[in-house]
Every structure is written in structure tokens, then in C-alpha cells.
Amino acid sequence: MILDQSLNKILIIDFGSQFTQLIARRIRELGVFSEIISHKKIKNKNIDSSIKGIILSGGPLNVYEINRYSFDKEILKNNIPILGICFGHQILSKLNGGKVKQSKHREFGLANVYKKKDSLLIKNFFNQKKIHKVWMSHADQVSKLPKNFRVIASSQNSKFAIVEDKTNKFYGVQFHPEVTHTENGKKIIKNFIFLICKIKKNWSSKDQKMKLIKEVRNQIGENKVICALSGGVDSSVVAQLLNKAIGKKLYCIFVNTGLLRKNEEKQVVDTFKKRLKMNLIYVNAEKEFLKKLTNVSDPERKRKIIGNLFIRIFERYAKKIKNVKFLAQGTLYPDLIESRSVTGSQTSKIKSHHNVGGLPKKMKLKLVEPLKFLFKDEVRNLGLELNLNTEIISRHPFPGPGLAIRMPGIITKEKINILKEADYYFIQGLKEHGLYNKIWQAYAALLPVKTVGVMGDNRTYEYLCLLRAITSEDGMTADFYEFKKSFAQMISNKIVNSIRGINRVVYDITSKPPSTIELE
């Protein structure tokens, strides 16, 4: 375990929260370098002068079950400001002599906190009424404060919602200031970093680019790399990053799975081979993928079949190229979070991403995933820093398994053709009406349901098309986009009148959570 000592930083000790990377992201947005390390790996001997502040994350653990977590309490004796968030707040109190117990009333979701005293941590955080909405997610709470701690704010069910020990520079919040649901939550993190830790800005998109290029060069050395290029934002940024880092040692492979959007294969070849002059290999594996997916309806099986087949194809071409040791992918942090715990803690798996949980256990190629701790908008900013054009950067996310996870149930060639057309009309409509760049992600899906309709004087019995369009900042949470009735009607009519096989269109108005962005 190596900590980067080249820059002053905020150290985030991770206890397995799904929001830990959001803390790092907020700090990066404020122009400060941060580093995440598991609670299982950090010891007091690793704390050096480059660490100007420490944040203890939330997590699914219980403070009073001490055998389930590890933490070197000597870390508390370095006179470095420490901010505990949720579980981190509880462990900070417990290790200083306070008490934590299971709550009589759990708090999940929005709650009001009420200001009791002033503190540098909450400067400009509360409104004039001294009330603020925050996002709670806990079943335990601090029941007795340690000596020298005082209450800064309380909620109805959490007397110690914000606390501080100003002398020892210890601060705790029971809620999550890093999530967008907490109004003005970034102010808490900003106050901690600049007013309490007194660290100076030292981070930008350019710094991030240079750091990633250096890390890629160190990891790859003189070896050759295959890059799994889909033409989407993530893989495009990875390809350009590797192109800048290792040049001719990079071989991009674009696999046509037969599950792509309409005309996608032509756009990718034109962009990367003809315009950007990258070393691109085009593989038409449409028949191979559809054969493997015949009669498969379970979404996890779909993802794993696709993930395995991708790898086998990459390994096949690695043999032809010779001396290839690495496979580069556009994995992002939300992919890791939904597929598995990043730190090995007890966070729950939501679904396997084809390039994370869908990978075969035995692989001949080592992975290069330079974007795995970034969010989508950070990747877009990095792409601009790498001189990729806005046409590529502004593309909506498209999943690696493609249309396979946008048609629940069995996949057929007929369904794929129908769905390609529906998705095309929807996306074109968004672009023509100036809506595409206002929406984080939009797509059409084909549900495994047929309904009765009437066209002219004839009865129809055809598929139901679902449209989804969401707004989001990072893909971790999302809300549906509210279309005007005139636009919704226009798109519905266009799809039903233009595509044989669809006679009904519905719009998904579910947020994330409780749903995910994709259907499968």
C-alpha cells in the first residue's frame, strides 16, 4: 500500500460506503487532491505531513460489532483535523469515549436538522431559520457524546446530528453531505477543507490527466495493450488517454455485437480510424453473440455471456497481435459500485456490469482501467482536456451489453431491428428539438409484452415500447426528465406509425433509487 506523498491531500478512510467516491469527487470539484484507502489497510505509520485532513466515510458496518471493522485509533492522535460522516461520525465518537446504540427510530431519506451552536464546519450552511434538509441513512446513532464534544445541530431522531471537539479538531455529521439530496452539502466539505484543514487548491483536470497518463505508463511499461473500444464516451476517453500515454503500443478493438444502436459501427470506424487515425481493428461478431444469447432471458446470464465472449474475442486477437499483456476498458466508478464492493466490504451487489462482474474468473489479459474512480461528468471533462471533440464527449451513456439489456426476456433478431428503429427515432427527436444535451441519458426499450391496438379498421397485437430519459449529475442518483405533452405525443406517434411491431409507447417516470437507469 503506497500513499501519494507528492501533493498535500485530504485522506478518505473508507468503511465500505457506496458514497465514498462521492466524497472524493466533491473534494476534486473544490480543486484539492484526495486519496481513498480502505480501513483495513491504513495504519498510523502511513500518516505523513502531506495529509492535511482525514475524512472517515459511512458504511454498512455496526460500530458496536468491533470484530467487523478495523481502525488504528493512533490515527486520532496526530493533531490532524478529522471529519466523520455517518458511520465515521459514530466511530469517531466511540473511540473518544462516547456511546453508540441502535436507534429506536431509523432515519432513511430527507430529514430536517436544527442549528444549536455556531461552528466553522457549518459556516453559511444553514438558512436564516436555522433549519436545513439533509440526507440521512442510518439505523444506529451516537447516544452519549465523548468528553469535550458539543452539539452543533440536531434532527428529530438524532440529537447529535452535527458535533465537534474544537480543541482536538474532531467533527462529526450523522447525515451524508456528499450526496446531492443534502441541500448545500458541499458547503460542509468546503468548510472542513479550507477553514479547518487550511489546505490550498492544488488539483485540476490537467493535473488529473497528467496523473492518469503517468499511472498508465507505470502500469504498462513496454508491453502492448488492447483497448475495448465501443465508441461511447468512456472507452473513447480511455483510448485517447492511452494514445497519449503509449502511442503505437495501443491496439483498439471495436466489436460489433449486433446489439449496437443504428449505424453505430459506421460512426465508430469513421471517427477513430479515419479521423483520429488510431490503430483500430473492426470485428463483426454479430452471429457469434446472438447464437450465445439464444433463448437466454435472465439478465445476469446475459451480462455474463456478453462479458465472457468479449474477453474471448480480445484474447483471440491478442494472440494475432502478439506480446499483448493488457486489456484496457472504460470502467467507471458507478459500474464498480453496482457490481461489487470496491474495498472488499459488505456493500451489496446490484447487478453485474459486463466489464466488471461479468468478466470470467480466469483471464489471460491483465486489466487497465484508468477511469475506474471517476464519474461520467469527470470523464467528459477529462476528454475535453485530451482534445476529443464535443460530438464524442456529449454522447449519452450506452451500456457495454448494448440493446441486450434494453429488451427484457429472450433476444431475437426481429426484436433487435424493431428496437434499433425505436431508439433512433427517439434520439433524433431529442436532437431536433434541442433536448439531447439537457438529458443525461435517454433510450428506448422493448418490453416482452404484446398489447392489443387498432390501426385503421384492423386489430393489432404488437410490442410495447418503453422510453426512458433521465437527468443526473453522476449516475448514482437520477430523476426522470419532464417532457412537454406535445413532444411526448409527437415521439409516440412517430414510433407507432413508422415501426411495424410496436403499437403502444409508455414513459418511465421512476427515479434512481429505487430503480436503476437501465432495465436489466
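Residues numbered from 1 in each chain as written. Predicted model: local features only at pLDDT ≥ 70, side-chain atom pairs only at ≥ 80, totals over all residues. Heavy atoms only, no water.

Draft legend 1. Spotlight on unusual backbone geometry. Between K512 and the following residue, P513, the backbone shows a cis peptide bond with an omega angle of -15°. For the bond running from P513 to P514, omega is 15°, close enough to zero to count as cis. By the element assignment, P514 lies in the segment after β18 (502–507). Despite not being glycine, N124 shows a phi value in the positive range, around 60°. The phi angle at K277 is positive, at roughly 60°, despite the residue not being glycine. Along the chain, K277 falls in the loop between α6 (264–275) and β12 (280–284). For K277, a relative accessible area of 64% translates into the label exposed. (Helix = DSSP H or I, 4+ residues; strand = E, 2+ residues; numbered from the N terminus. Buried < 20%, exposed > 50% of the residue type's maximum accessible area, 1.4 Å probe, protein only.)

Draft legend 2. Quick look at α6. With twelve residues, α6 extends 15 Å between its outermost C-alpha atoms, agreeing within 8% with the 16 Å of an ideal straight helix rising 1.5 Å per residue. All buried positions along α6 are accounted for by E264, V268, T271 and F272. Each buried residue of α6 lies within a common arc of 75° when the element is viewed along its axis, so the set occupies one face. The exposed set on the far side of α6, more than 90 degrees from its buried face, consists of K266 and K274. As for α6, its buried residues are in contact with α5 (233–246), β11 (250–256), β12 and α11 (390–393). After α6 finishes, the residue K277 shows a positive phi value of roughly 60°. (Expected span 1.5 Å × (residues − 1). Arc of directions from axis to C-beta. Contact = heavy atoms within 4.5 Å.)

Draft legend 3. Structural view of the packing of helix α12 (residues 413–432) against helix α13 (residues 485–498). Axis separation between α12 and α13 bottoms out at 10 Å; the angle between their running directions is 150°. Classified by the angle between their axes, α12 and α13 sit roughly antiparallel to one another. Note that α12 runs across α13; the crossing there is right-handed. Here A422, Y425, F426, G429 and L430 of α12 lie close against α13, whose contacting residues are F487, I491, K494, I495 and S498. A per-class count over the contact of α12 with α13 returns seven nonpolar, two polar and one charged. (Axes fitted to C-alpha atoms, helices over the stretch in contact; angles between N-to-C directions. Parallel < 35°, antiparallel > 145°, perpendicular 65-115°, else oblique. Left-handed = near helix turned anticlockwise from the far one by under 90°. Nonpolar A, V, L, I, M, F, W, Y, C, P; charged D, E, K, R; others polar.)

Draft legend 4. Structural context of the environment of I313. By the secondary structure assignment, I313 is in helix α8 (residues 299–321). Expressed as a C-alpha distance, the spacing of I313 and I91, which sit 222 residues apart in the sequence, is 48 Å. Residues in contact with I313, not counting those within four places in the same chain, are V255, V283, A285, E288 and F289.

Draft legend 5. Region of the structure containing the packing of aromatic side chains. Considering all chains together, one arrives at 14 aromatic pairs under this definition. Their ring planes at 65° and their centres at 6.0 Å tell us that Y424 and Y425 sit as a pair that is edge-to-face. Over the ring of Y436 we find K431, and its NZ or CZ is 5.1 Å from the ring centre. The ring centre of Y463 lies 4.9 Å from the NZ or CZ of K450, which sits over that ring. (Phe/Tyr/Trp six-rings, centres within 6.5 Å; stacked < 30°, edge-to-face > 60°. Lys NZ or Arg CZ within 6 Å of the ring centre and 35° of its normal.)

Draft legend 6. Fine view of the environment of D423. With respect to the secondary-structure elements, D423 resides in helix α12. Considered as a pair, D423 and S154 are 269 residues apart in the sequence and their alpha carbons are 48 Å apart. In this structure, D423 is in contact with R261, R406, Y443 and A444, ignoring residues within four places of it in sequence.

Draft legend 7. Inspection of the nonpolar core at higher detail. Counting residues in hydrophobic clusters, the biggest one holds 89 residues, and the most contacted among them are L242, F314 and L430. The greatest single-element share of this core, amounting to ten residues, is contributed by α8. If near-sequence neighbours (up to four positions away) are discounted, L430 is found in contact with L435, Y436, I439, A442, F483 and F487. Ranked by size, the runner-up nonpolar core spans 33 residues in total, among them A24, V113, F125 and V134. (Core = buried A, V, L, I, M, F, W, Y, C linked by side-chain atoms within 4.5 Å.)

Draft legend 8. Molecular detail of the confidence of the model for the chain. Residue-level pLDDT values for the chain average 88, and 91% of them are 70 or greater. Within the chain, the lowest mean pLDDT, 65, falls on helix α9 (residues 333–339), and the highest, 97, falls on α12. (pLDDT = per-residue confidence, 0-100.)

Draft legend 9. Spatial organisation of helix α4 (residues 205–220). A rise of 1.5 Å per residue sets the reference length of α4, with its 16 residues, at 22 Å; its end C-alpha atoms lie 22 Å apart and thus fit the reference within 8%. Taken residue by residue, α4 has Q208, K209, L212, I213, V216 and I220 as its buried positions. End-on view of α4: buried residues confined to an arc of 130°, all on one side of the axis. The exposed set on the far side of α4, more than 90 degrees from its buried face, consists of K214 and N218. Contact partners of the buried residues in α4: α1 (20–29), β10 (224–228), α5, β13 (324–328), β14 (366–368) and α10 (376–385). Taken from the residues just after α4, G221 is the one with a positive phi, measuring 65°.

Draft legend 10. Highlighting the pattern of salt bridges. Applying the stated criterion across every chain yields a total of 23 salt bridges. A salt bridge links K9 to E35; the shortest N-O distance between them is 4.0 Å. In this pair, K9 is assigned in strand β1 (residues 9–14) and E35 in strand β2 (residues 34–38), connecting sequence segments 26 residues apart. For E35, a relative accessible area of 15% corresponds to the buried category. (Salt bridge = Lys/Arg side-chain N within 4 Å of Asp/Glu carboxyl O.)

Draft legend 11. View of the pairing of β13. Of all five residues making up β13, four are buried, and the element is well covered by its neighbours. Both β13 and β14 contribute to a ladder of three bridges, which runs parallel. What sits directly across from L327, in β14, is L367. (Pairing = 2+ DSSP bridges.)

Draft legend 12. Seen up close, the packing of α4 against α10. Across the interface, α4 lies against α10 with an axial gap of 9 Å and an inter-helix angle of 85°. With respect to each other, α4 and α10 are oriented roughly perpendicular. The segment α4 lies against α10, with S205, K206, K209 and L212 engaging N381, L382 and E385. For the contact of α4 with α10, the residue count by class is two nonpolar, two polar and three charged.

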